[in-house]
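In case you want the letters, here they are:
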Amino acid sequence: TMHLIAQAASVALREGRGLVLHGAWSYFRHRGCPGNTLGSIECYFQPPHSAVPGDVLWASDPPEYTANYQLSHDWHVPTRFSGGGGGVFAFVATITRHFLSPNRRMTRLLDDVKRRIGFGIGGPLMGVHVRHGDSCTKWDDKHSHLPGTRCVDFNQYLAAMEIIRDKYGVSRAFIATDDASLIEKIEGGDYEESEFEFIFVPFDRKLYSESDWSIELKMLMATMDRRMVAETTLVDILLLSQCDYFVGTLSSHFGALAYELSWANKGYHIPHISLDHPWSGSLLAPVQYYGADGETTKEEEHNTVRKDFTERQSTGVRKPVVF
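Residues numbered from 1 in each chain as written. Predicted model: local features only at pLDDT ≥ 70, side-chain atom pairs only at ≥ 80, totals over all residues. Heavy atoms only, no water.

A. Representation of the overall build of the chain in the model. Counting its secondary structure elements, the chain contains 12 helices and 10 strands. Intrachain contacts of the chain at a sequence separation of at least 6 include 73% that bridge at least 24 residues. (Helix = DSSP H or I, 4+ residues; strand = E, 2+ residues; numbered from the N terminus. Contact = heavy atoms within 4.5 Å.)

B. The nonpolar core, seen in detail. Formed by 63 residues in total, the largest nonpolar core has its most connected members in Tyr44, Phe174 and Leu239. Of all the elements in the fold, those that place two or more residues in this core are helix H1 (2-15), strand E3 (75-78), helix H3 (87-99), helix H4 (104-117), strand E5 (172-177), helix H10 (226-242), helix H11 (253-266) and strand E9 (287-290). (Core = buried A, V, L, I, M, F, W, Y, C linked by side-chain atoms within 4.5 Å. Buried < 20%, exposed > 50% of the residue type's maximum accessible area, 1.4 Å probe, protein only.)

C. Layout of the environment of Arg227. Mapped onto the elements of the fold, Arg227 is located in helix H10. With 201 residues separating them along the chain, Arg227 and Ser26 place their C-alpha atoms 9.7 Å apart.

D. Examining H10 more closely. Here H10 is 17 residues long and its end C-alpha atoms lie 24 Å apart, about the 24 Å a rise of 1.5 Å per residue gives. Burial within H10 is extensive, with 14 of its 17 residues counted as buried. (Expected span 1.5 Å × (residues − 1).)

E. Fine view of unusual backbone geometry. Unlike most non-glycine residues, Glu195 shows phi in positive territory, near 65 degrees. One can find Glu195 in the loop between helix H7 (180-187) and strand E6 (197-200). Looking at Glu195, the relative accessible area reads 62%, which means it is exposed.

F. Highlighting the pattern of salt bridges. The full count for this structure, using the stated rule, is five salt bridges. Notably, a salt bridge pairs Arg172 with Glu197, separated by 3.3 Å at the nearest N-O pair. One end of the pair, Arg172, is in strand E5; the other, Glu197, is in strand E6, with 25 residues separating them in the sequence. Here Glu300 makes a salt bridge to Lys298, at a shortest N to O gap of 3.5 Å. Since its relative accessible area comes to 30%, Glu300 is described here as partly exposed. Via salt bridges that share partners, Asp112, Arg115 and Arg116 belong to a single interconnected network. (Salt bridge = Lys/Arg side-chain N within 4 Å of Asp/Glu carboxyl O.)

G. Geometry of the sheet that holds strand E10 (residues 296-300). Taken together, the three strands give an open sheet; going across it, the order is E3-E9-E10, and neighbouring strands pair in mixed fashion. Looking at the sheet topology across the chains shown, the edges are occupied by E3 and E10. With strand direction ignored, the average angle separating the axes of adjacent strands in the sheet is 25 degrees. Taken together, the four bridges between E9 and E10 define a ladder with antiparallel strand orientation. Bridge pairing links Gln288 to Glu299 in E10. (Pairing = 2+ DSSP bridges. Axes fitted to C-alpha atoms, helices over the stretch in contact; angles between N-to-C directions.)

H. A look at the pairing of strand E4 (residues 126-130). Of all five residues in E4, five are buried; the element is thus mostly enclosed. Side chains Met126, Val128 and Val130 of E4 all project onto a buried face; the interleaved residues Gly127 and His129 project onto the opposite face, where all are buried too. Bridging between E4 and E5 involves five bridges; their strand directions are parallel. Paired with Val130 across the bridge in E5 is Thr177.

I. Looking closely at the state of the cysteines. Throughout the structure, instances matching the rule amount to one disulfide. Paired by a disulfide, Cys33 and Cys43 hold their sulfur atoms 2.1 Å apart. Judged by the sign of its S-S torsion, about -90 degrees, the cystine formed by Cys33 and Cys43 is left-handed. Of this pair, Cys33 sits in the loop between strand E1 (18-19) and strand E2 (56-57) while Cys43 sits in the loop between E1 and E2, and the two are 10 residues apart along the sequence. Looking at Cys33, the relative accessible area reads 4%, which means it is buried. (Disulfide = S-S within 2.5 Å.)

Distances and angles like these do not, on their own, reveal function.
The structure is reproduced here in structure tokens:
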């Protein structure tokens, strides 16, 4: 969803229009979000804007599915970001940080979790995002937008972690995962021989694996605790972004967001290994670069492994764009 918002913001910036985040987010519809923050991103983050211009983008009729909007609309990036300006990555990361700047409530929650698990003590920390939940069945779906993407066995994560450890000497790892069995194995000592010290946010991950339903559907059907899902998800993303190294799958929007925030807050790329696609795997559409006059200077496809890109190459049919 955050990449959807960033993509819509890229259009608003190009057109000089306001962007309104309208409607209630299911993740934030719980008792922990008081007053007018109920259902709003402002439950956990700073208000994204103090005033809304008269010309508003996307005031109504939002897309029904995130991927559908992203697949049918281009990104729009100022030319100054191309080349030495950091490219589309720097542009997206800058927008992401703007929307995901923690407010006091989120900062207190983060500080409390960090004290409880010993985050930030004992030297450098490797952030590891292990994606083993509802996305695994999605990647087997013939409609997946990234062919060949699969959930990866933890032993492959360990192999990547060992590469970083051998090169940089880091042996503490923060594990962000939806896999309850992995945490049970770590707690049971199954990976003691790896000589890594593991830390993680303690919560009941079995709720993620009780069915093949997506997390969003589980919340809609009231089979999951919305507050637990929201806060553990946000804490994992933000703590991953504070780590000194990263191992994960950058096809995942979760992992991509953490890496974007890391760069935006630190100002440099941390050593990292993606076990599937590069960061561009999170881009679901081509990029239009435009100059100071607002005119398109070039169009570029950064994610050539995406299914709709290969289909368009074979058919010659270009998807509709915003302008």
